[in-house]
Amino acid sequence: MPKLLPSKLPHVGTTIFTEMSALAQQCQAINLGQGFPDYPPPDALIQAVSDAMRQGHNQYAPMAGMPVLREAIASKVQTQHGQIYESRSEITVTAGATEALMSSFLALAHPGNEILLIDPAYDLYAPSIRLAGARAVRIPMQAPETNRPVFRLDWNRVENAITSKTRMLVLNFPHNPTGLTLKPEDLDALETILSKHPILLLSDEAYEHIVFDGQSHLSPVTRPSLADRTILISSFGKTFHATGWKVGYCCAPADITAEIRKVHQFTVFSVSTPMQAGIARHLRESDTLSELPGFYQKKRDRLVSGLQETVLRPLHSEGTFFLLVDTQALGPGLEKELAVRLTRDVGVASIPVSAFYAEPGNPKSNHGLLRLCFAKLDATLDQALERLRSIHSGLAG
C-alpha cells in the first residue's frame with residue numbers, strides 16, 4: 001500500500017452543516033441549522049421537469065447549459081439588474097452555485113495569488129481557494145455590539161488588505177450568515193476601490209430573491225464599471241426550494257467565462273437536462289420570483305415574533321432565509337458548545353456563526369451568535385419556538 005502524500009486540505013474535516021444535521025437526527029431535534037426547506041418545490045416546477053423527462057430531455061445537455069435556460073437567465077438578469085449578458089458566451093449553467101464557485105476559483109486563481117474574503121464567510125470559499133493554489137486573506141466585518149446589534153462592513157479594511165498579489169475579492173450578498181444586503185454606498189465604495197486596483201470581483205448571490213422590507217437586491221453588476229470584472233454566481237436551489245437539484249449559473253464577461261468553462265467541462269461537463277428544461281419553462285410561466293420576498297418575510301417575522309417570548313435575542317435580517325440570535329442568556333461558552341447543548345438539551349439545532357471564521361475555536365471568532373434557518377413550514381417553526389420557550393435562564397451543560 002503506497003504511503004499517502006500530505007493532504008491538500010489538512011485542516012478540513014466534516015462540515016459544521018453535516019455535523020449539526022447528524023446531531024439533530026441523533027437527538028430527534030428540530031433542524032433549524034442546515035439551510036434547506038422542509039417543503040417541496042412549486043407544483044408547476046415539478047410538473048415542468050416531469051414533462052421534460054417525458055418529452056425526451058434525458059441525455060447530456062450542452063456543456064454550457066441548455067440554450068433555452070441560458071436565454072431565460074439572460075432575460076432574468078437584464079430585467080433584474082439592467083445588465084446584458086450574451087447567453088452563448090457569457091452564461092454557464094453549473095451544478096449549483098457550489099460548482100460555479102469551485103470552477104471559478106480553479107480557473108482564475110493561481111499559485112501565489114491572494115483572494116480576499118469578508119468574515120464571517122461561507123465555509124466553501126477558503127478550501128476552494130487553497131485547492132487552486134492561492135491564499136485566502138480574511139477581513140472581518142465589525143461584529144455586533146450591545147448598542148449596535150448588527151454586523152457592519154469596513155471598506156477601509158478591505159482596501160488596506162489589497163496587495164500586488166491580490167487577484168480577487170469575494171462578496172456574498174444577501175449575506176450568509178448575517179443577512180446583510182448591499183446598499184448604494186457600498187457599491188460607491190467598491191467602485192472607488194476597484195478603480196485603483198486591477199482585481200476581479202466574485203459575487204455569490206444565491207439568496208438574490210430573498211430580500212425584505214420592500215428593498216431590492218443590489219448586485220455589483222448594476223454598475224457597469226463593476227460588471228466588467230465581476231463573476232456573478234447564483235442558484236435555483238434556494239430560489240425554487242430545490243436545494244437537492246443542484247442547478248446554478250455563472251455570468252461573466254466572455255473572456256472570463258471561457259476560462260471558467262475550461263474547468264467546468266472537466267468537472268461535471270453538463271448539468272441535469274430535464275431540470276434545466278423544467279426550470280427554463282418555470283421561469284417563463286410563473287411569478288415565483290416576485291412572490292419570494294413576501295413568502296420568506298412572513299416566515300422571518302413569525303420567527304422573530306416568537307423569539308420575543310424566549311431568552312434569545314434576534315438580530316435584524318435584511319435578506320436570506322437566516323436569522324442570527326444572541327445567546328447571552330444561555331451562559332458562557334464557545335458558540336459551537338452552545339449549539340450542541342441547545343440541540344441536545346432543548347431539541348433545536350442551529351449553526352454557530354464562528355464556523356464561518358478561519359479559526360472557529362478562537363474566542364475572537366465567537367460573538368455569542370447562532371444562525372437559525374426559517375425556510376421551514378410554519379408548524380416546524382412553531383414547534384421549535386415552543387421548545388425554545390422552555391429556556392428560562394442559562395442552559396444546562
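As the structure is a computational prediction, the values presented were derived from the model and not from experiment.

(A) A look at the state of the cysteines. Enumeration over the complete set of coordinates arrives at zero disulfides. You can see Cys-250 has no disulfide; the closest cysteine sulfur is in Cys-251, sitting 6.8 Å from it. Its relative accessible area of 2% is what places Cys-250 among the buried residues.

(B) The sheet that holds strand β9 (residues 313–314), seen in detail. Spatially, the four strands line up as an open sheet ordered β9-β10-β13-β12, and their pairing is antiparallel. Edge strands, defined here as strands with exactly one partner in the open sheet, are β9 and β12 (351–352). Running at roughly 15 degrees to strand β10 (residues 322–326), helix α12 (residues 288–307) makes contact with β9, β10 and β13 (369–373) of the sheet. With respect to the sheet, helix α13 (residues 335–346) is in contact with β12 and β13, its orientation differing from that of β13 by roughly 45 degrees.

(C) Inspection of empty space enclosed by the protein at higher detail. The final tally for this structure, using the stated rule, is one cavity of 30 Å³ or more. Of the pockets and cavities examined, the largest cavity occupies roughly 60 Å³. Residue lining of the largest cavity: Leu-117, Ile-118, Pro-120, Ala-121, Tyr-125, Val-170, Leu-171, Asn-172, Phe-173 and His-175, and that is the complete set. Broken down by secondary-structure element, the contributors of at least two residues to the lining of the largest cavity are β3 (114–119) and β5 (166–172). Classifying every residue of the lining of the largest cavity by side-chain character gives eight nonpolar, two polar and no charged.

(D) Broad picture of the packing of helix α4 (residues 96–108) against helix α10 (residues 254–267). Packing of α4 against α10 leaves a shortest axis separation of 8 Å and a crossing angle of 115 degrees. Viewed along their axes, α4 and α10 form a crossing whose handedness is right-handed. Within the contact between the two elements, α4 uses Glu-99, Ser-103, Ser-104, Leu-106, Ala-107 and Leu-108 and α10 uses Ile-256, Glu-259, Ile-260, Val-263, His-264 and Thr-267.

Conventions we followed
- Residues numbered from 1 in each chain as written.
- Predicted model: local features only at pLDDT ≥ 70, side-chain atom pairs only at ≥ 80, totals over all residues.
- Heavy atoms only, no water.
- Disulfide = S-S within 2.5 Å.
- Buried < 20%, exposed > 50% of the residue type's maximum accessible area, 1.4 Å probe, protein only.
- Pairing = 2+ DSSP bridges.
- Helix = DSSP H or I, 4+ residues; strand = E, 2+ residues; numbered from the N terminus.
- Contact = heavy atoms within 4.5 Å.
- Axes fitted to C-alpha atoms, helices over the stretch in contact; angles between N-to-C directions.
- 1 Å grid on protein atoms, 1.4 Å probe; cavity = no way out; pocket = protein on both sides within 12 Å on 5 of 7 lines; lining within 4 Å.
- Points joined across faces, edges and corners; volume = space filled by probe spheres on them.
- Nonpolar A, V, L, I, M, F, W, Y, C, P; charged D, E, K, R; others polar.
- Left-handed = near helix turned anticlockwise from the far one by under 90°.

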